[in-house]
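Okay, here's what each chain looks like letter by letter:
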Number of protein chains: 4
Amino acid sequence: MGNTFGTLFKVTTFGESHGVAMGCVIDGCPAGLNLNEEIIQEFLNRRKPGQSNFTTSRSENDLCEILSGIEQGITLGTPIAIIIRNKDKNPHDYSELNKVFRPGHADYTTQLKYGLAAQSGGGRASARETVGRVAAAAVAKVYLTSIFPELNLMAWVQRIKEIESKLEYHNFSFADIEKSAIRCPDPIVEEQMKIAILNAKEQGDSLGGCIRCVAKNIPAGLGEPVFNKLEAALATAMLSLPACKSFEIGNGFASTYLFGSENNDQYYLNNTGNIYTKTNRSGGVQGGISNGMNLEFSVGFKPISTIYKEQNTVTKTNSQEIKFSIPKGRHDSCVLPRAVPIVEAMCWLVLTDQYMLQSTRKIYD
Amino acid sequence: MGNTFGTLFKVTTFGESHGVAMGCVIDGCPAGLNLNEEIIQEFLNRRKPGQSNFTTSRSENDLCEILSGIEQGITLGTPIAIIIRNKDKNPHDYSELNKVFRPGHADYTTQLKYGLAAQSGGGRASARETVGRVAAAAVAKVYLTSIFPELNLMAWVQRIKEIESKLEYHNFSFADIEKSAIRCPDPIVEEQMKIAILNAKEQGDSLGGCIRCVAKNIPAGLGEPVFNKLEAALATAMLSLPACKSFEIGNGFASTYLFGSENNDQYYLNNTGNIYTKTNRSGGVQGGISNGMNLEFSVGFKPISTIYKEQNTVTKTNSQEIKFSIPKGRHDSCVLPRAVPIVEAMCWLVLTDQYMLQSTRKIYD
Amino acid sequence: MGNTFGTLFKVTTFGESHGVAMGCVIDGCPAGLNLNEEIIQEFLNRRKPGQSNFTTSRSENDLCEILSGIEQGITLGTPIAIIIRNKDKNPHDYSELNKVFRPGHADYTTQLKYGLAAQSGGGRASARETVGRVAAAAVAKVYLTSIFPELNLMAWVQRIKEIESKLEYHNFSFADIEKSAIRCPDPIVEEQMKIAILNAKEQGDSLGGCIRCVAKNIPAGLGEPVFNKLEAALATAMLSLPACKSFEIGNGFASTYLFGSENNDQYYLNNTGNIYTKTNRSGGVQGGISNGMNLEFSVGFKPISTIYKEQNTVTKTNSQEIKFSIPKGRHDSCVLPRAVPIVEAMCWLVLTDQYMLQSTRKIYD
Amino acid sequence: MGNTFGTLFKVTTFGESHGVAMGCVIDGCPAGLNLNEEIIQEFLNRRKPGQSNFTTSRSENDLCEILSGIEQGITLGTPIAIIIRNKDKNPHDYSELNKVFRPGHADYTTQLKYGLAAQSGGGRASARETVGRVAAAAVAKVYLTSIFPELNLMAWVQRIKEIESKLEYHNFSFADIEKSAIRCPDPIVEEQMKIAILNAKEQGDSLGGCIRCVAKNIPAGLGEPVFNKLEAALATAMLSLPACKSFEIGNGFASTYLFGSENNDQYYLNNTGNIYTKTNRSGGVQGGISNGMNLEFSVGFKPISTIYKEQNTVTKTNSQEIKFSIPKGRHDSCVLPRAVPIVEAMCWLVLTDQYMLQSTRKIYD
């Protein structure tokens, strides 16, 4: 249970990090859309490992294969199944690690929950699991932008540890973010982040940080009160990501330090006579429903659990306390650059599902 | 859509703030539990308005009536419907307010979504909506504690604006919290909070802050990877609350400032030979699954939107910019004291549903 | 679990036969519809007991109260909760019966499933449970006919035991059916049915039979392949009714006696150039999707289990075989006349939900 | 939408008849079960085409590949993805047929629903779609029989057109059925069926009929009143099968011809002191809940739509009435022999899901 996301644009993902293949099935995508493997591949390439010195050296070209739901480049309205075979898996890589519960990893809790665990790698708890989400998001984007061509969204690394960019998002573009190996569009801060990542890597340590995401030109009216509010759907989407521990919509925790009179977004009429808010501290939602302003949120990722320093832990089979170190390997020491397209992917899935939910209401049109 | 919470312990709530009644239907509660209106009432009383000078003066005794699912004080396994009639509603109270879109409220977005809105009060966007959740949580608690008698949870006001209690939760109890009108168990800080609230009230302004929640002795193995991880379920539960804008599990955003070597919770054997973690920065979850340690999370609430200061906005029917002030009324100027039992309620619902999901797996026992 | 019907037009029902109240919550009804208690009452009145000599004499005026979701006669888009209080309940009526497992009733299986059972009447297994469905169907009809004013549906008693009407449905109307106390629009057959029912009543026995239902002018394209085909949704809707044991779409079992060349519905162009089928043996669906022809199906109801003849059974508490008779009471001896509006109700719910599912697809318009 | 079956044992199927691959994803299967491709293959082999002269000559070896959810022959508790590549697809086979709406097929309704249709074969409406269900059922059986080793189920062809076997199921076994090319365990009747099928084939016509299914030693207490009753779940499962038009539980329509006093199953104590019913006209359910007796139901399949006789229809693109004939091809002229394992498959899925739903209730144990 728990491997399906969405009510009407339903995405089911599958695959273990070191199993045969990863993938997804999308049920609910309308017929008549132009879709092919190249479009999906473009999305996957942004997420794939080995893109730079700052991410894992696991070698996966992550080539996708569409198994169903598309004929001659057109969606049929039937389930779209996409698979990505695992190439650089090595079940034996992890044999030593299998003897202990690695701190911060899901080894111990997987054992508690299932009575056993995938014997190699993180199984479904690995960040590799997100490849299916990204494939599905490519489909979501094709669909949603076919209806709202102006809709666009971008995420970026706003902070790594205490190194934070203060750049306003009005001053950079998606392309600016993608030019950066760190996916931080602030060149000076980016340099500091690179140094911090390489330092941590050298120390065998890891770093966390924050990703900010903005969606522009989204339709108003998205979000289903009361339990499926737009921010609640985003929150669960983000907290379902590996290493994600926190979420805030709009100015989030910062708003808790303001008076209501400082925090309320007041309405005005713009020059086209439309209602806007002067500020956007709410992040584009009131009462769980989008107001047509930009959707803005932040997601916090802990420093990843895989470090190469000595740690205390307990052995699996005979429950002995030991000290252990992971032999230096190929893991990311900072997941944030690669988490950017994954945050975007989950946002695409949320917006698409919420749009479909809202599109069922036609009475008042 | 969006008014049902949970997969197996399914709670559907209904009711507008100034409608006939609020309520909930709980589908999935097992048969054979002792349950009656007194047990539910006790829960409702902690949430009800008018408890002190620091909360709204709306007068609702919030008496519940059980319509189904219980016979002679025993649950039947059938849906439990509970209603709470609205007494102190006054549809006309709001007639002036109905002419403008109140900043920060859901008036405007409700109009965008539904093409109309409840003409009085906040409809479903009102915090009054949460009364059904609290009634359902009373049932959840009865069920879950019948299986795990040691399981207990408590939430408290940790911070209002910048006034923060640094008290460790090991040093106070549920009873200590309940003694406080602010639900802050730190007497010195509580005094400062009271002053801040009364000042804000006098100024016609409002305050936000943070609630912390801890659940002890919860079973290990709860949480459904990947999309229904325990923290993802909690996040959506909390973000579905009115005025909630942020969520963090464990040390959340704070962990983003640490190295992995500082943040990982290392395992050891306690004196009974069980595996524990020395620290609990993860908040009791790894990979979305509870590890048996205390579950800990924080929830941020914005200062509520209802303030009595002059604000700019736009009128509903003829789209004119105007300045307006809400005549001083009975609204809370700080929602946090009353939000404490609501945060707990959502946590009870999440834990109960996750327990039921996990209880379907019996192979490995 | 199992008390909610529908994916987008979600109806949750609650209430035990001899509890405080019956009711439903409808989540997903769009805003802006004209709705009030009179409209719902009209539906309920068709189902309510005591309408004639041929049905139960239990006296229930079945007055409904709308608790939420409607303001000034207009739906708000929020959950609509409706309750119907039980008046003529008499928990003590059944005290003798509580000592044995009544053959054909759910007493024994309820005990097996829940470990206990409602101590009076049939609890949720009673046909009284359907009152919430009928209330919800009134809402569904208002919504669906606001979009498809020509859509109409009617069910009628086609057969009671071996007494069958051969009248073609093109020869009678909804009004003709409603004029009949038996809801059989064939006056000669109706007379025979009345006699059969009164005879069975006198004998303390019960009768089953078949209801046929036709929906005209329904939109094409309804039905979600593969598991939520239109006929699959109807089948589960009907088999969820008390005493229903069989379902067939179109000519159903009769088609199994034909060659494919006899059974296929061949296409032609009618005088407006639209595609029609010359015959409608499929009942208006191919591949689980409505084709725009009339939807037709039959539902079989067993003779109800409550009879007043002596039967063999086993006692509840001490598991002794005994012979027992139910003292003559007020039960229907033939449920079919009152089942007609219930069959229609479930059909309204299915069509509305399927329409909403289909309305999310807008690409090709 | 509509491609997922089950609440806790969730099966999502995908694949078009002439696309790249068919398959399924099973979410909810517990960890720790022995499972491999051989076990699944054995199930698939019973369904695969080309088994005899009486079924289609499409050549598919239907080899399955497990992509996830299993490691070293043990289930991990994660989603199990299984694919079966289409070998003998020939998109061009159907080019002529693509010009007309074939009577009885889903061509026309697919066009109405999606605005387009798979250009070859039946897409998802093809019986080939069921291969994913059968793969999933193999997993369901492994799981359910690991808990209830005595549980077994068998289906058989009871009637083809008017040729009906009257053999009581107590007189034959699963093996007897499997020995028959027609899957009719009554040798004399089987011979008549063979002749009828070959005759129909020669005539270019098709035949329908009835399959009966019995499940023995199923646990009592399965079925979720009120909308997910056991028979309601079975009904929707069966009506979701291609060409299925009718369903009855127990003696179904036959019971409508009986008095209640004839139809009620009376209770007695067997020699071990357990409660049994003398008869089983209910098919093993009362009030939607299994009573521990054998589960029995029948499913009616229409004669399949593909016939080689001349038929009237309308062309797709320019809406002209024409007469057309399908060139003699490889289609089954009677689907029933191959539908037997599919009916069983859906029954396995229903029972497994219902068992998991019931297993969440532990209070009264």
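As annotated in an unreviewed UniProt entry, chain A carries the name Chorismate synthase and comes from Fluviispira sanaruensis. UniProt, in its Catalytic activity (unreviewed entry) section for chain A, records the words "5-O-(1-carboxyvinyl)-3-phosphoshikimate = chorismate + phosphate".

(A) The arrangement of the sheet that holds strand 1 (residues 4–5) of chain D in detail. All names here are of chain D. Taken together, 5 strands build an open sheet; the order of strands is 1-2-3-7-4 and the sheet is antiparallel. Edge positions in the sheet fall to strand 1 and strand 4 (64–66), since each has one partner strand and no second. One ladder, built from 6 bridges, connects strand 3 (residues 21–27) with strand 7 (residues 80–85); its direction is antiparallel. Looking across to strand 7, one finds that Ala21 is bridged to Arg85. Most of the contacts of helix 1 (residues 37–47) go to strand 4, to which it runs at about 150°, and overall it touches strand 4 and strand 7.

(B) Quick look at the relation of the copies chain B and chain D. If you rotate chain B by 180° and push it 0.0 Å along the axis, it lands on chain D with an RMSD of 0.0 Å. The superposition operator between the copies reduces to a two-fold rotation axis. Residues of chain B ranked by C-alpha distance from the rotation axis are headed by B:Thr360, positioned 2.7 Å from it. The overlap is high: 100% of the interface residues of chain B also sit at the interface in chain D, so the same surface is used on both sides.

(C) Molecular detail of the packing of aromatic side chains. Scanning all chains against the criterion turns up 46 aromatic pairs over all chains. The interplanar angle of 65° and the centroid separation of 6.3 Å between the aromatic rings of C:Tyr143 and C:Tyr355 together place this pair among those described as edge-to-face. Placement of the pair is C:Tyr143 in helix 3 (residues 131–147) and C:Tyr355 in helix 9 (residues 336–358), with a sequence separation of 212 residues. Neither residue differs from the other here; C:Tyr143 and C:Tyr355 are each classed as buried. Seen from their ring centres, C:Phe227 and D:Phe5 are 5.3 Å apart, and the 50° between their planes marks the pair as tilted. A residue pair is termed interchain when its members come from two chains, as with C:Phe227 in the loop between strand 10 (209–216) and helix 6 (230–239) and D:Phe5 in strand 1. The pair C:Phe227 / D:Phe5 is uniform in exposure class, with both members buried. An aromatic cluster is built from A:Phe9, A:Tyr143, A:Phe148 and A:Tyr355, whose rings are joined through pairwise contacts. Across the ring face of B:Tyr114, the terminal group of B:Lys113 is positioned such that the distance to the ring centre comes to 5.9 Å.

(D) Main features of the relation of the copies chain A and chain B. Screw-axis analysis of chain A against chain B gives a translation of 0.0 Å along the axis, an RMSD of 0.0 Å, and a rotation angle of 180°. In this assembly, 100% of the residues forming the interface of chain A have copies in chain B that are likewise at the interface, indicating an isologous arrangement.

(E) Seen up close, the side chain of D:Thr12. Relative to the assigned elements, D:Thr12 resides in strand 2 (residues 10–14). A distance of 2.8 Å separates the side chain of D:Thr12 from the side chain of D:Thr4, its partner in a polar contact. Filtering out sequence-adjacent residues up to four positions away, D:Thr12 remains in contact with A:Thr12, A:Val25, D:Asn3, D:Thr4, D:Gly23, D:Cys24 and D:Val25.

(F) Broad picture of the interface of chain A and chain B. Taken together, the contacts link 103 residues of chain A with 103 residues of chain B. Where chain A abuts chain B, roughly 8,400 Å² becomes buried across the two surfaces, and 60% of that area is made up of carbon and sulfur atoms. When the area that chain A buries against chain B is broken down by residue, the three leading residues are A:Lys113, A:Phe227 and A:Tyr267, summing to 11%. The interface formed by chain A and chain B contains 2 salt bridges. A:Glu224 is the partner of B:Lys113 in a salt bridge, and the nearest nitrogen-oxygen pair spans 3.0 Å. Across the contact surface, chain A and chain B share 41 residue pairs in polar contact (both at pLDDT 80 or more). Partitioning the side of chain A that touches chain B into residue classes produces 43 nonpolar, 40 polar and 20 charged. Taken together, the 3 bridges between strand 11 (residues 244–249) of chain A and strand 11 (residues 244–249) of chain B define a ladder with antiparallel strand orientation. Counterpart to A:Phe247 in the pairing with strand 11 of chain B is B:Phe247.

Criteria and thresholds
- Residues numbered from 1 in each chain as written.
- Chains lettered and ligands numbered in written order.
- Predicted model: local features only at pLDDT ≥ 70, side-chain atom pairs only at ≥ 80, totals over all residues.
- Heavy atoms only, no water.
- UniProt positions renumbered as here; feature names shortened; annotations may be inferred.
- Pairing = 2+ DSSP bridges.
- Helix = DSSP H or I, 4+ residues; strand = E, 2+ residues; numbered from the N terminus.
- Contact = heavy atoms within 4.5 Å.
- Axes fitted to C-alpha atoms, helices over the stretch in contact; angles between N-to-C directions.
- Least-squares fit on C-alpha atoms with pLDDT ≥ 70 in both.
- Phe/Tyr/Trp six-rings, centres within 6.5 Å; stacked < 30°, edge-to-face > 60°.
- Buried < 20%, exposed > 50% of the residue type's maximum accessible area, 1.4 Å probe, protein only.
- Lys NZ or Arg CZ within 6 Å of the ring centre and 35° of its normal.
- Polar contact = N/O pair within 3.5 Å; in protein donor to acceptor, adjacent residues only side chain to side chain.
- Buried area = accessible area lost by both parts, 1.4 Å probe.
- Salt bridge = Lys/Arg side-chain N within 4 Å of Asp/Glu carboxyl O.
- Nonpolar A, V, L, I, M, F, W, Y, C, P; charged D, E, K, R; others polar.

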